[in-house]
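# Breakdown of the fold
This is what each chain is made of:
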Amino acid sequence: MMQMSTLSSSLRLASAVAAAALMAACASPEPTLHTLSLRNEAPAPDARFQRAFRLSGVRVPDRLDKPQIVLRTSDSEVQALEQQRWAAPFGAELRDALSANLAGALSAVDVGGGVVPAGVPLYRIAADMRSYDARPGQNVTALVTWRVTRDAATQAQGSATALTCQNTLTVPASAGVDAVVASTQQLVQQWSQQIAQSVLGLESHAAMPAWCR
């Protein structure tokens, strides 16, 4: 009897081990995560900010605001990649990347809901990505809009208080997800540079960029 009980226990243990091994073999691999934020050098501890800004959440179409990377596969089809994802939903990735890029381009700090450093102008920035098409082996294209408003407390008398801008950005993309990610990073950099130009134009009363009014 003892021998049969031991044999039964061994069979149950072997079955459990086999089932666990099968589940492990069938489990999906962990997805690869990508980010739009480039590795920027941290400002020096004694660096002085020349400006401050508040960047609201970046709005994107609902079909894109997810962690999965979405590729355009034809004029009527898109594909969400389960194993190739952004590190956060697409809109959050865009906001983080724009904020970091603008801070560097403008010698500025994104104060969010915090206190504005004394003696610097404050700009409020709202940004939308109206469309985004990533075609591997072709290009990444996006229709973007943004609005820059200078806070009334730091606004020079008689100067413009706001700019509304829109532009279509296109960056070539090689085949493969990594290439699409790199091209999207370049597109976000271009967008950041144009937003920064809008801020500087509003500040210096220079001629406005063609994509703003």
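Residues numbered from 1 in each chain as written. Predicted model: local features only at pLDDT ≥ 70, side-chain atom pairs only at ≥ 80, totals over all residues. Heavy atoms only, no water.

## Regarding helix 2 (residues 90-106)
Along its 17 residues, helix 2 runs 24 Å from first to last C-alpha, staying within 8% of the 24 Å computed at 1.5 Å per residue. Turning to helix 2, its buried residues number three or more, namely Phe-90, Gly-91, Glu-93, Leu-94, Ala-97, Leu-98, Ser-99, Asn-101, Leu-102 and Leu-106. Buried residues in helix 2 make contact with strand 1 (32-34), strand 2 (51-55), strand 4 (78-86), strand 5 (108-110), strand 6 (122-135) and helix 3 (177-204). Count one or two residues on from helix 2 and you reach Ser-107, which has phi positive near 50 degrees. (Helix = DSSP H or I, 4+ residues; strand = E, 2+ residues; numbered from the N terminus. Expected span 1.5 Å × (residues − 1). Buried < 20%, exposed > 50% of the residue type's maximum accessible area, 1.4 Å probe, protein only. Contact = heavy atoms within 4.5 Å.)

## Some points on the sheet that holds strand 3 (residues 68-72)
On the basis of which strands lie adjacent, the open sheet formed by three strands has the order 1-4-3 and mixed pairing. Of all strands in the sheet, those with a lone pairing partner are strand 1 and strand 3, marking the two edges. Adjacent strand axes in the sheet meet at a mean angle of 60 degrees, parallel and antiparallel pairs treated alike. Alignment of strand 3 against strand 4, held across five bridges, turns out to be antiparallel. Looking across to strand 4, one finds that Arg-72 is bridged to Val-78. Packed onto the sheet, helix 3 meets strand 1, strand 3 and strand 4 and runs at close to 85 degrees relative to strand 4. (Pairing = 2+ DSSP bridges. Axes fitted to C-alpha atoms, helices over the stretch in contact; angles between N-to-C directions.)

## So, helix 3
For an α-helix the count is 3.6 residues per turn, leaving residues at separations of three or four pointing the same way. Taking 1.5 Å per residue as the helical rise, helix 3 with its 28 residues ought to reach 40 Å, and the 41 Å between its terminal C-alpha atoms agrees with that figure. Positive backbone phi, at 60 degrees, marks His-205, one or two positions downstream of helix 3.

## Considerations on the packing of aromatic side chains
Tallied over the full model, the rule gives two aromatic pairs. Taking 4.9 Å as the distance between ring centres and 50 degrees as the angle between the ring planes, the aromatic pair formed by Phe-90 and Tyr-132 counts as tilted. Of this pair, Phe-90 sits in helix 2 while Tyr-132 sits in strand 6, and the two are 42 residues apart along the sequence. (Phe/Tyr/Trp six-rings, centres within 6.5 Å; stacked < 30°, edge-to-face > 60°.)

## Side note on the confidence of the model for the protein chain
Averaged over all residues, the pLDDT of the protein chain equals 85, while 79% of them reach at least 70. Across residues 9-14, confidence stays below pLDDT 50; counting only partners more than four residues off in sequence or on other chains, it has zero contacts. Here residues 16-25 scores under 50 on pLDDT; set against residues more than four positions off or in separate chains, the count is zero contacts. (pLDDT = per-residue confidence, 0-100.)

## What about the environment of Ala-142?
You can see Ala-142 is positioned in strand 7 (residues 139-150). Linking Ala-142 and Trp-191, residues 49 residues apart in sequence, is a C-alpha distance of 9.7 Å.

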